[in-house]
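Chain by chain, the residues:
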Amino acid sequence: MAPTILVVDDDPNVQRLLSYTLRQEGFEVSVVADGAEAVRAWQVERPSLILLDIMLPKLDGYAVAQRIREDEAGGNHTPIIMLTAEGDVEQRVRGLRAGADDYLMKPFHPAELLARIRGLLSRFAPSEEAVARPPSGHVIAFYGAKGGVGATTLAVNTAIALHRNVGRSVVLVDGNLQFGDHRVFLDLGLDRKSVVDIVSAPTIDAELVRQVLVRHDSGIDLLLAPPSPETAELVTPEALPPILDILRASYDYVVVDVDKRLDEVNLRIFDAAEVIYVVLTADLSSLKNVRIMLETLANLGYDSARVQLVLNRSTAFTGINVKNAEGALRRTLDHQVLNDYRAAISALNSGAPVLDTKAESPLGKAIVAFAQAIDADAMGTASPRSRARR
Ligand SMILES: Nc1ncnc2c1ncn2[C@@H]1O[C@H](COP(=O)(O)OP(=O)(O)O)[C@@H](O)[C@H]1O
Ligand SMILES: [Mg+2]
């Protein structure tokens, strides 16, 4: 059964917007417009979560939260998210004191709201109500046209943004088997669990895969690359597709970071991927490699619509602009991520992803926008024109 969200707000526009967004994501929604009604609805309906505005007729949001917490008295805990006015610290503190579990400042992005809701639901009802719908299972690959274009930076941070800012469940796979560097990007020096542990087992099943995954503080799960280049050979081209299948069954997104080789391992990953994001920078060798990559995939019969071009460091001066690059490739660039070396390098060298410590940097914001575009595409809600212009 879908979790029920009780929306408490006296503004009809907010009511409409919230009901629409939540129903769209598979939640049941019930709406009331004043504080006294909210307490009554809570008693009768026992919602899975309450979205509670502060300024309400009859009882205000603080009083509602307090009343509910008193009535619960150690019994079942209904998670409450307070909707507060922007920048009002006092409101937030008072809300938390009154018993709210989280707060969200108005105006907020629907994706942010959904992420918070899912977070709270999984915290308070880990077994059954954690997700309102089955995982959507999109496999997406990030392929760097040459070393150093930023494929790993984008794969890691997009994975985190898809989880944190878009509210999806995400597993990140380091498909760079010989020189995978997610341990460096994510400061996991000593973690030995890797894909090698899966492929060396006599049989592969979902339980084994789950045990080998590493949980990152950001909330995404990781399947790490072999700890050394020698052990990479144990991962044969046939080994990865069944693992990706298992992962696809339990996550909204399986994000695979692959290196630039067009070898059998990578081609199998491309086979499994719904979309291949080819990351390039505006320089000749990168453009040449993208052309080779596109031709090779076309020769192998891949549908070119599954390939999307991502111009990274788009604002760096290279003497080649977007128009030149599109002319050379005879294709439009589907996405652009601006140049922000300061945020990128300090994140890398500290082992804290941009989205963790520099989420407000230009790069952090660009990656969140990119993740939102990916999600809109995957869910089939983006108009083709708006995407091409990004
Ligand atoms: N948008 C960006 N702006 C500035 N620097 C970037 C950006 N994306 C990546 N970098 C930097 O480029 C370098 C290579 O990135 P990396 O993700 O390891 O590339 P790849 O995986 O394609 O080899 C890193 O130092 C990284 O910090
Ligand atoms: Mg890389």
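Residues numbered from 1 in each chain as written. Chains lettered and ligands numbered in written order. Predicted model: local features only at pLDDT ≥ 70, side-chain atom pairs only at ≥ 80, totals over all residues.

Looking at the overall build of the protein
What the protein contains, in helices and strands, is 18 helices and 13 strands. Seen through its C-alpha atoms, the protein measures out along the principal axes to roughly 65 × 50 × 40 Å. Each of the 390 residues in the protein was classed as buried or not, and the buried ones make up 43%. Summarising the internal contacts of the protein: among those between residues at least 6 apart in sequence, 70% fall at separations of at least 24. (Helix = DSSP H or I, 4+ residues; strand = E, 2+ residues; numbered from the N terminus. Buried ≥ 20, exposed ≤ 12 C-beta atoms within 10 Å, placed from the backbone. Contact = placed C-beta atoms within 7 Å.)

Let's talk about the pairing of strand β11 (residues 275–280)
Counting buried positions along β11 yields 5 of 6 residues, so the element is predominantly enclosed. In the sheet, strand β6 (residues 138–144) pairs with β11 via 5 bridges, with the strands oriented parallel. Within β11, the position partnered with Gly144 by the bridge is Val279. Of the strand pairs in this sheet, β11 and strand β12 (residues 307–312) are connected by 5 bridges, and their pairing is parallel. Among the inter-strand pairings, Tyr277 is bridged to a residue of β12, identified as Gln308. (Pairing = 2+ DSSP bridges.)

A few points about the site of ligand 1
Taken together, 18 residues surround ligand 1, and among them Gly144, Gly150, Thr152, Thr153 and Ala344 come closest. Elements supplying a minimum of two residues to the shell around ligand 1: α6 (151–164) and α15 (341–350). Per element, the largest residue contribution to the shell around ligand 1 is 4 residues, and it comes from α15. For the shell around ligand 1, the class distribution of residues is 8 nonpolar, 8 polar and 2 charged. (Near = placed C-beta within 6 Å. Nonpolar A, V, L, I, M, F, W, Y, C, P; charged D, E, K, R; others polar.)

What about the confidence of the model for the protein?
In the predicted model, the protein carries a mean pLDDT of 89, and 94% of its residues have values of at least 70. Taken as a whole, residues 126–131 scores under 50 in pLDDT and shows 7 contacts with residues more than four places along the chain or in a different chain. pLDDT under 50 marks residues 382–390. Its contacts with residues more than four places away, or in other chains, come to 12 contacts. (pLDDT = per-residue confidence, 0-100.)

A look at the packing of helix α3 (residues 61–72) against helix α4 (residues 89–98)
Look at α3 against α4: their axes get within 8 Å of each other, and the N-to-C directions meet at 20°. Looking at the two axes, α3 sits roughly parallel to α4. The two elements α3 and α4 cross, and the hand of that crossing is right-handed. Packed against α3, whose contacting residues are Gly61, Tyr62, Ala65 and Gln66, the element α4 presents Arg94, Gly95 and Ala98 at the interface. Classifying every residue of the contact of α3 with α4 gives 3 nonpolar, 3 polar and 1 charged. (Axes fitted to C-alpha atoms, helices over the stretch in contact; angles between N-to-C directions. Parallel < 35°, antiparallel > 145°, perpendicular 65-115°, else oblique. Left-handed = near helix turned anticlockwise from the far one by under 90°.)

Quick look at α15
Residues separated by three or four positions in an α-helix point in the same direction, a consequence of the helix having 3.6 residues per turn. Every buried residue of α15 is accounted for by Ala343, Ala344 and Ala347. Seen along its axis, α15 keeps its buried residues to an arc of 100°; they face one direction. Within α15, the exposed residues directed more than 90 degrees away from the buried face are Tyr341, Arg342, Ile345, Asn349 and Ser350. The secondary structure elements touched by the buried residues of α15 are α6, α16 (354–357) and α17 (362–378). Once α15 ends, the next one or two residues include Gly351, with phi positive near 70°. (Arc of directions from axis to C-beta.)

Let's talk about the environment of Leu186
The topology assignment puts Leu186 in the loop between α7 (182–185) and α8 (195–199). Since 24 C-beta atoms lie within 10 Å of it, Leu186 is described here as buried. Sequence-wise, Leu186 and Ala155 are 31 residues apart; in three dimensions their C-alpha atoms are separated by 12 Å. Other than its neighbours up to four places away in sequence, Leu186 contacts Val156, His216, Gly351 and Pro353.

What to know about the nonpolar core
In this structure, Leu52, Ala141, Val278, Val279 and Ile367 are the most contacted members of the largest nonpolar core, which totals 111 residues. Those residues within four positions of Ile367 in sequence are excluded, and the remaining contacts are Leu154, Asn157, Thr158, Ala161, Val337, Val354 and Leu355. (Core = buried A, V, L, I, M, F, W, Y, C linked by C-beta atoms within 7 Å.)

Observations concerning the sheet that holds strand β3 (residues 49–53)
If you trace the 5 strands from one edge of the open sheet to the other, you get β2-β1-β3-β4-β5, paired in parallel fashion. A strand with exactly one partner marks an edge of an open sheet, and here the two such strands are β2 (28–32) and β5 (102–106). Within this sheet the neighbouring strands show an average axis-to-axis angle of 20°, counted without direction. One ladder, built from 5 bridges, connects strand β4 (residues 80–85) with β5; its direction is parallel. The residue of β5 that forms the bridge with Ala85 is Lys106. Sitting on the sheet, α3 touches β1 (4–8), β3 and β4, and the angle it makes with β3 is about 150°.

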